[in-house]
Amino acid sequence: MSEATFLLPDVGEGLVEAEIVAWKVAVGDVVTLNQPLVDIETAKATVELPSPYAGTVTALHGAVGDVMAVGAPLVVIETDVDAPPAATSSAPAPAADAPTSVGAGRTPVLVGYGVAEDDGAVTRRRRRPSEAPVAPVPVASDPSRSPRSTPPVRLYAKQHGVDLATVRGTGRDGVITRDDVERALAGPASAPTNRPAAASEPSTTRFVGREIESWSTGPLEERIPVRGVLRSMADAMVQSAFGAPHAAVWVRVDATGTVELLEGLRDRPALAGVRLSPLTIVALAVCDAARHFPGLNSSFDASAQEVVVRRRVNLGIAANTARGLIVPNIKGADTLDLRGMAVALNGLVDTARAGTTTPEAMLHTTLAITNVGPFAVDGAMPILPPGTGAIIAVGQVARRPWVVGDDVVARHTVDLSMSFDHRQIDGALASAAIAHVGRFLTDPAASIIGG
Amino acid sequence: MIGDELIQLLTPEGERIPHPEYGSDLGRDEILGFYRDMVIVRRLCNESTSLQRQGQLALWAPLQGQEAAQIGAGRALAPMDFTFPSYREHGVAWTRGVPPKDMLRIFRATTTGGWDPQRYRHSLPMVVLGDQTLHAVGYAMGIQRDGAQEAVMTFFGDGASSQGDVLESFVWAASFNAPVVFVLQNNQWAISEPTSLQTKIPLYHRAHGFGFPGVRVDGNDVLAMYEVAKRALDNARSGGGPTLIEAYTYRMGAHTTSDDPTRYRVDAEVEVWRHRDPIERVKALLAREFGIHKVTFDEVAAEAEALALQLREDVLAMDAPDPTTMFDHVYAEPHPLVEAGRREMIDSQSGGGH
């Protein structure tokens, strides 16, 4: 029996880090050679890493969303037999001997072969023999000797002069989190001794899909590379904002009927386990509007000088995920009934939250919704996802004064706004379409039956 | 998408279909041999992808989906014919007898070569797109001048077909009637660029413009690939000049391990090609026509598995060479500039840094 550590490899010719997207195994799992262990996302691709060993998983380094440095320990596996001769770091550190040979002894040079050691890309070509990236070997054999954490947190600790050996880890499997380091920084008096990781509390320092330094601890100016989801979002927004002339219409409607319908449906056995929300009804309403006004579900193909009208709705839903904004879509949303739409929305949201949305799920959106209500705002003027003709923003549903007959009464109202591509959609069509969505929300039962 | 001109002898369901010009009279053993070749190279390819994902190879260019194009063409070669591949022709290298571990040396970055091209009559992988076609035509012109009864086969892709080198090689091959067979594996994607954006006509039509025949073959049909390649090689050896074979196929995986095909193509397309798998159709033919049983298929799979484990062991045992050996084979004879580079590297290492 021996322990072998799988170091995060460079899967794409010169990458320095990768983000953990999903673990496929847990501590204690028995794995076979080449069994998928984890999905990682690099600047180039999302890839699955197969296990280099057969054995039992004894440690996973890093949580979903963590950005790991290439060459850092990723998975520790207790192998059934002695680790294969060239096991990634199970051989006793051979780093110091055989000075004329890069990756001396039996330590492969390739794990993290593209990583600069200290001061930038120049050293890639000049890795000194004794510094082949064997990585922190002691971690593999004796976790207690080196505190377990993730590279960003190590960096954070180093920048603030915190010795991780003195910090108690409260993360998964005792991993030291940023919060732990921050508590250590704040001093022992304010450090709760047994507080669980505050993962569920909304973070105020989440920005562009990552945690940034707080106002007091961060540098005066910080530069963040534009890549991954952030780059996709930036590219899409620029392409759309400067490619499609946007115009907008908006309307406030009485959505009390929608709220009451949802309450009435909540305990129906047929809908058991299905999460319903005003968004479900809005999604049905938008699809219904597309059926009535097919021009709404169109796009402007500038290169072909053609307007493309689609009689199938791939309904994009803007989703705020830990990795940033993405817009996956529900293919053929116009064919779904209330239950089908709710199930599809649940699935889309769960997948996006888990970070497992596939690129294909984000292709060919024809019409989109952005639900800003949960952020407690009344409305927004959204930018069109590329390829769509219209996007509807849904504000918060709230009780507001409303005139019914000659009386002012409290009603559940909601603001709907719609940005549209003014090259092919004019104000009249946009207004008629948003009014249609509004009527649907006011009397959803009649619309569902009638539609 | 595939016109009438596609030469096919075996349907995706494994049924033979007649063709007016080509037929196959291969027997059980030859076809089973093709099957074995394809299963083995696919398994070795998958192991290589895993090794790359485990940090043991710098890069890998998977061939999955193109086994029939490579095995059919490779097995049509005579021993003394010479081949000039690009970087994805692991199946051709297998037919030439190159040991799998030697194919992986360059991908592990432990060598700039991997094998002796003369020994296997198989040149080293060319990474510069399309260059090998010029080398192939030059070699073929040499054969002509030697009066040897040999032919040359060179492999490239639909992406390389847009390169000037390839078109120049067509000109030279045509002008000198060189004994060369161009095998263009049209796998539909030049990394992320679809073939439809690169050409307005079927690629094999291009040969006619240069003055030699071009044919399009179902590249996932190993029998058709073998027969068409064999005739083209015979033609070249007997003074008939060059032929362009467009093997119409599909790259099931990534261009290399450095890209992510799900970002530029849709699953539905991959699914269509999955039903045209080159191995499954041969398996169906072998079972139906020759009564080959599961036990034989299992034996082939077991052999492939053993070879994959052996390959893994061989790769893990490859140590990094002394970096200064990279200067050894730049020129055949000593060269002062190369020597200066070698000395500089030695100095920088002993100096402990930069």
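Residues numbered from 1 in each chain as written. Chains lettered and ligands numbered in written order. Predicted model: local features only at pLDDT ≥ 70, side-chain atom pairs only at ≥ 80, totals over all residues.

Another point: the sheet that holds strand β5 (residues 46-50) of chain A. All names here are of chain A. A sheet is described by the order of its strands in space; here 4 strands give the open sequence β5-β4-β2-β7, paired in antiparallel fashion. Looking at which strands have only one partner, the edges of the open sheet turn out to be β5 and β7 (67-69). Adjacent strand axes in the sheet meet at a mean angle of 40°, parallel and antiparallel pairs treated alike. As judged from the 5 bridges shared by strand β4 (residues 36-41) and β5, these two strands associate in the antiparallel manner. Bridged to Asp39 within β5 is Glu48. (Pairing = 2+ DSSP bridges. Helix = DSSP H or I, 4+ residues; strand = E, 2+ residues; numbered from the N terminus. Axes fitted to C-alpha atoms, helices over the stretch in contact; angles between N-to-C directions.)

Now for the confidence of the model for chain A. All names here are of chain A. Summarising the model, chain A shows a mean pLDDT of 80, and 81% of its residues fall at 70 or more. Within chain A, the lowest mean pLDDT, 33, falls on helix α1 (residues 137-141), and the highest, 97, falls on strand β19 (residues 390-394). The low-confidence segment residues 83-108 (pLDDT under 50) makes 75 contacts with residues lying over four places distant or belonging to another chain. Note on residues 114-145: pLDDT under 50 across the span, and 69 contacts to partners over four residues away in sequence or across chains. (pLDDT = per-residue confidence, 0-100. Contact = placed C-beta atoms within 7 Å.)

Turning our eyes to something else, we now look at the nonpolar core. If you look at the biggest cluster of nonpolar residues, it comprises 87 residues, and the most contacted ones within it are Val152, Val180, Val181, Met225, Ala229 and Ile245 of chain B. Sequence-distant contacts of Val152 of chain B, defined by excluding residues within four places in its chain, comprise Asp81, Phe82, Phe84, Ala136, Tyr139, Ala140, Ile143, Pro179 and Val180 of chain B. In this structure, Leu276, Leu279, Ala430 and Ile434 of chain A belong to the second largest nonpolar core, which totals 51 residues. (Core = buried A, V, L, I, M, F, W, Y, C linked by C-beta atoms within 7 Å. Buried ≥ 20, exposed ≤ 12 C-beta atoms within 10 Å, placed from the backbone.)

Time to look at the pairing of strand β2 (residues 152-157) of chain B. Residue and element names in this part refer to chain B. Of all 6 residues in β2, 6 are buried; the element is thus mostly enclosed. Pairing between strand β1 (residues 82-84) and β2: 3 bridges, direction parallel. From the neighbouring strand, Phe82 faces β2, where its bridge partner is Val152. Inspection of the sheet shows β2 paired to strand β3 (residues 180-186) by 6 bridges, in the parallel sense. Its bridge partner being in β3, Val152 is matched across the sheet by Val180.

To continue, consider the confidence of the model for chain B. Do not read the fine detail of predicted coordinates wherever pLDDT is low. Per-chain confidence: chain B averages 94 in pLDDT, with 98% of residues scoring 70 or above. Here the complex is predicted with pTM 0.60, and the ipTM for its interfaces comes to 0.82.

Quick look at the environment of Ile434 of chain A now. Residues and elements named next belong to chain A. Here Ile434 is to be found in helix α8 (residues 427-442). The spacing of Ile434 and Val251 is 183 residues in sequence and 7.4 Å in space, taken between C-alpha atoms. Setting aside anything within four residues of it in sequence, one finds Ile434 in contact with Val249, Val251, Leu416 and Met418.

Glancing now at unusual backbone geometry. Even without a glycine there, the phi angle at Asn34 of chain A is positive, about 70°. Secondary-structure assignment places Asn34 of chain A in the loop between β3 (30-31) and β4. Exposure remark for Asn34 of chain A: the 20 C-beta atoms within 10 Å place this residue in the buried category. Despite not being glycine, Ala109 of chain B has its phi angle at roughly 60°, a positive value. Among the secondary structure elements, Ala109 of chain B is positioned in the loop between α4 (100-105) and α5 (117-120). We classify Ala109 of chain B as partly exposed; it has 16 C-beta atoms within 10 Å.

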